[in-house]
Amino acid sequence: MPHSKEQLHTFAELLKQGELVVFPTETVYGLGASAWNPRAVQKIFEVKGRPSDNPLIVHISNVDMVKEFTPSVSARAKLLMQKFWPGPLTLVFNKRPEVPDIVTAGMNTVALRMPNHPTALALIQLSGPLVAPSANKSGRPSPTRPEHIYADYQRKLPVIDGGICDIGIESTVLDLTVNPPVILRPGNITASDIYEACGFTPTDGSDTKAEAPKSPGMKYTHYAPKAKVRWFSTGELSAVAGPALVLCHTSEPKMPPAATGLFWRGDYPGFARELYDTFRKADRDGFDLILVEEFEPEQLAGNERLLSLVNRISKAAGPGS
Ligand code: AMP
Ligand code: MG
């Protein structure tokens, strides 16, 4: 249901008093807390069951807020902000010492993003900067519609209903504290988008198996349904004997008798938007196995945005997939 201006003021007041509020963004729903209130931020970790070494992204509504969190903004950072904000690009800066440790998991960097969603921007304008991880219980797929939040938390959290999130996959995270900048998490904004807009190519750091990854969140199993997730190629499908939910984005193979097929017919943005909802549906419908059609190398070469989809499905499938 759409919310009124008065309701938005009420939600902003709750945030200012140190309460948590779930709000929509163009990527996924965020579980918001006031970024300058460590006790409120602590509640996020408790409510989500989130490991304390996983830092949070600070959401802002205007570029002046950047200066509260980082002492220096390079010309390159300014250009990225100008080209991609508001939008699904998180930028990692060196932090000011005053930024609470609980926000950054004790690191000397802070992640900032301006979401491209009118409700999120209006809320932050009223409440001030908000830390907001995805509003799921830790380990569950990120919520892309209000039902997902109610499934994880019943009606315990205040939720601003913004319908279905447009992109459905978390933001690109770009580390600007190194040269060249590194993409720590792939998202809807790709290395080519950044090259075309800003004239430099970031390095891909999302697959690093380093002991202390720069983006600690990426080491946890994420985005996963309870069902097992496996890639398949269309030739293997006839060997599937038991029940399975089969996700096809490109081809339309004949389904084995016990399998249920879902088809996106080349609509990759639609597949991304519905991925987490489909994961959650599979659990609700009692599927133990989700099979996802593999992407061909030529497809990936021709459409970099698919990398974020492949990344989330591979994370859900687990190591070695
Ligand atoms: P989530 O809030 O669940 O979408 O996850 C936030 C992501 O941003 C995680 O992968 C974090 O590791 C990453 N992140 C947040 N802050 C930082 C930071 N200061 N440096 C590197 N990565 C960060
Ligand atoms: Mg998350």
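Refer to the structure presented above.
All values reported here derive from a predicted model rather than from experimental measurement.

Calculation criteria
Residues numbered from 1 in each chain as written. Chains lettered and ligands numbered in written order. Predicted model: local features only at pLDDT ≥ 70, side-chain atom pairs only at ≥ 80, totals over all residues. Heavy atoms only, no water. Helix = DSSP H or I, 4+ residues; strand = E, 2+ residues; numbered from the N terminus. Contact = heavy atoms within 4.5 Å. Areas by Shrake-Rupley, 256 points an atom, 1.4 Å probe, with all protein chains shown as cover. Lys, Arg positive; Asp, Glu negative; His and termini not counted. Charge placed at Lys NZ, Arg CZ, Asp CG, Glu CD. Buried < 20%, exposed > 50% of the residue type's maximum accessible area, 1.4 Å probe, protein only. Salt bridge = Lys/Arg side-chain N within 4 Å of Asp/Glu carboxyl O. Polar contact = N/O pair within 3.5 Å; in protein donor to acceptor, adjacent residues only side chain to side chain. Arc of directions from axis to C-beta. Pairing = 2+ DSSP bridges. Expected span 1.5 Å × (residues − 1). Axes fitted to C-alpha atoms, helices over the stretch in contact; angles between N-to-C directions. Phe/Tyr/Trp six-rings, centres within 6.5 Å; stacked < 30°, edge-to-face > 60°. Lys NZ or Arg CZ within 6 Å of the ring centre and 35° of its normal.

Below, the discussion takes up the overall build of the protein. On a plain count of helices and strands, the protein comes out with 11 helices and 13 strands. Along the three orthogonal principal directions, the C-alpha set of the protein runs to about 60 × 45 × 35 Å. Once local pairs closer than 6 in sequence are excluded, the contacts in the protein between residues at least 24 apart make up 66%. Accessible surface computed for the protein: about 14400 Å², of which carbon and sulfur atoms make up 53%. Of note, the protein has its 34 positive side-chain charges centred 5 Å away from the centre of its 34 negative side-chain charges.

The residue arginine 50 is located in the loop between helix 2 (38–48) and strand 3 (57–59) in this model. This buried residue, arginine 50, is left without a salt bridge; aspartate 53 holds the nearest opposite charge, at 7.8 Å. A distance of 2.9 Å separates a polar side-chain atom of arginine 50 from the backbone oxygen of proline 55. Those residues in contact with arginine 50, other than ones at most four positions away along the chain, are Phe45, Pro55, Leu56, Pro133 and Ser138.

Our focus in this paragraph is the pattern of salt bridges. One pass over the full model with this rule turns up 13 salt bridges. A salt bridge links glutamate 170 to arginine 312, with the nearest nitrogen and oxygen atoms 2.8 Å apart. Taken together, the residues glutamate 170 in the loop between helix 7 (146–153) and strand 7 (172–175) and arginine 312 in helix 11 (residues 306–317) connect sequence positions 142 residues apart. Of the two residues examined, glutamate 170 and arginine 312, each falls in the buried class. Each member of the salt-bridge network shares a partner with another, and the members are Arg140, Asp152, Arg280 and Asp283.

The next subject is helix 2. Every buried residue of helix 2 is accounted for by Ala40, Val41, Ile44, Phe45 and Lys48. An end-on view of helix 2 places all buried positions within 155° of arc, on one side of the element. The exposed set on the far side of helix 2, more than 90 degrees from its buried face, consists of Arg39 and Glu46. Residues of helix 2 that are buried sit in contact with strand 2 (30–34), helix 5 (101–104), strand 6 (130–131) and helix 7. At the exit of helix 2 stands glycine 49, carrying a positive phi of roughly 70°.

Spatially, the nine strands line up as an open sheet ordered 1-2-6-3-5-4-7-8-9, and their pairing is mixed. Lying at the two open borders of the sheet, with one neighbouring strand each, are strand 1 (21–23) and strand 9 (203–204). Where strand 7 meets strand 8 (residues 182–185), three bridges bridge the pair, whose relative direction is antiparallel. Bridging from a neighbouring strand, aspartate 175 pairs with valine 182 of strand 8.

A separate point is the environment of leucine 309. Mapped onto the fold, leucine 309 is located in helix 11. With a relative accessible area of 3%, leucine 309 lands in the buried category. For leucine 309 and leucine 157, which are 152 residues apart along the polypeptide, the C-alpha to C-alpha distance reads 29 Å. Residues contacting leucine 309, with those up to four places away along its chain left out, are Ile169, Tyr268, Phe271, Ala272, Leu275 and Phe295.

The next thing to look at is helix 1 (residues 5–16). An ideal rise of 1.5 Å per residue puts 16 Å on 12 residues; helix 1 measures up with 17 Å between its terminal C-alpha atoms. Here helix 1 has its buried residues at Leu8, Phe11, Ala12 and Leu15. One face of helix 1 carries all of its buried residues, which in axial projection span an arc of 100°. For helix 1, the exposed residues set more than 90 degrees away from the buried face come down to Glu6 and Thr10.

Cis geometry marks the peptide bond from tryptophan 85 to proline 86; its omega dihedral reads -5°. Looking at the secondary structure, you find proline 86 in the loop between helix 4 (75–84) and strand 4 (89–94). Following asparagine 179, the chain continues to proline 180 via a peptide bond in cis, the omega torsion being -5°. Looking at the secondary structure, you find proline 180 in the loop between strand 7 and strand 8.

Another point: the sheet that holds strand 11 (residues 244–248). Pairing within the open sheet is parallel, and its four strands lie in the order 10-13-11-12. The two strands at the open ends of the sheet, each matched to only one other strand, are strand 10 (228–232) and strand 12 (259–263). Recorded for the sheet is a direction-independent mean angle of 25° between the axes of neighbouring strands. Two elements, strand 11 and strand 13 (residues 289–293), share three bridges in a ladder whose sense is parallel. Residue valine 246 lies in a different strand from strand 13, and its bridge partner there is leucine 291. Packing of helix 9 (residues 268–284) onto the sheet brings it into contact with strand 10, strand 11, strand 12 and strand 13, and relative to strand 11 it is tilted by some 180°.

Following the criterion strictly, the structure yields five aromatic pairs and no others. Summarising the aromatic geometry, the rings of tryptophan 231 and phenylalanine 295 are spaced 6.2 Å apart at their centres and angled 75° between planes, so their arrangement reads as edge-to-face. On the criterion of sequence distance, the pair formed by tryptophan 231 in strand 10 and phenylalanine 295 in the loop between strand 13 and helix 10 (297–302) is long-range, its members being 64 residues apart. Ring centres of tryptophan 264 and phenylalanine 271 lie 4.5 Å apart, and the angle between their planes is 45°; on these two criteria the pair is classed as tilted. According to the relative accessible area criterion, phenylalanine 271 is buried, its value standing at 0%. An aromatic cluster of three or more residues is present, and its members are Trp231, Tyr268 and Phe295. When the ring centre of phenylalanine 200 is taken as reference, the NZ or CZ atom of arginine 76 above it lies at 4.0 Å. One residue, arginine 155, lies across the ring of tyrosine 150, its end atom 3.7 Å from the ring centre.

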